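Tertiary structure, described
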Amino acid sequence: MNGDPDPVAGVLSQLAAKWGIESPRETGRLFSAWVQIVGADVARRCEPTALKDGCLRVRTDSAAWAGELKYLAPEIIRRVNTELGKTVVTSVKAWVGKPREGAPRARKNQAAEGLERPLPKPTKFQEEQAAKLTSEIPDSKVAEAAKKALLAAKIRNENR
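1. Quick look at unusual backbone geometry
Of note, D53 is a non-glycine position whose phi angle comes to about 50 degrees, a positive value. With respect to the helices and strands, the residue D53 is situated in the loop between β1 (46–52) and β2 (55–60).

This is the structure:
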């Protein structure tokens, strides 16, 4: 290939940063590989929800699991950074909350299994903001793809 994905990835990263989505590539890889990183038992009870300034926030289904996650944090940090090939996570913060409605627990690779959850429809405001952010991309197909990717990232980030 001629290297086209890097410029598109760069554009998407810049757009994601404007909406407060930090490290979109690493966040996506981390969330996708969560079950492999922590194992099915932990993944059934704990789910990553955000990654910001090196802090991985993880929703647990009970206070007991939040305590367990504190104990497991150094190993989780090591495994995540090994999986990503660089230091991305420096701390883990657990919080207790109900799983998202319809969120499969201990999911495997959803894309490979065809189990990807449909995203909520973007709001008119989100669509307008995405259109504004991508308006300077000269190629209309790339601009439309960037807009769709930005909206998907924003909606996923808000629903985690």
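2. With respect to the sheet that holds β2
Pairing is mixed across the open sheet formed by three strands, whose spatial order is β1-β2-β3. Looking along the sheet, the strands with just one partner apiece sit at the ends: β1 and β3 (91–96). Each strand of the sheet is rotated relative to its neighbour by a mean of 25 degrees, with strand direction disregarded. Running at roughly 170 degrees to β1, helix α2 (residues 24–32) makes contact with β1 and β2 of the sheet. Lying over the sheet, helix α5 (residues 63–84) contacts β1, β2 and β3, oriented at roughly 165 degrees with respect to β3.

3. Some remarks on the pattern of salt bridges
Counted according to the given criterion, the structure contains five salt bridges. For R44, the salt bridge goes to D41, with nearest N and O atoms at 2.4 Å. With R44 and D41 both in helix α4 (residues 40–45), this residue pair falls three residues apart, about one helical turn. According to the relative accessible area criterion, D41 is exposed, its value standing at 54%. The salt bridge partner of R45 is D61, with a shortest N-O separation of 3.2 Å. In this pair, R45 is assigned in helix α4 and D61 in the loop between β2 and α5, connecting sequence segments 16 residues apart.

Conventions and cut-offs
- Residues numbered from 1 in each chain as written.
- Predicted model: local features only at pLDDT ≥ 70, side-chain atom pairs only at ≥ 80, totals over all residues.
- Heavy atoms only, no water.
- Helix = DSSP H or I, 4+ residues; strand = E, 2+ residues; numbered from the N terminus.
- Pairing = 2+ DSSP bridges.
- Axes fitted to C-alpha atoms, helices over the stretch in contact; angles between N-to-C directions.
- Contact = heavy atoms within 4.5 Å.
- Salt bridge = Lys/Arg side-chain N within 4 Å of Asp/Glu carboxyl O.
- Buried < 20%, exposed > 50% of the residue type's maximum accessible area, 1.4 Å probe, protein only.

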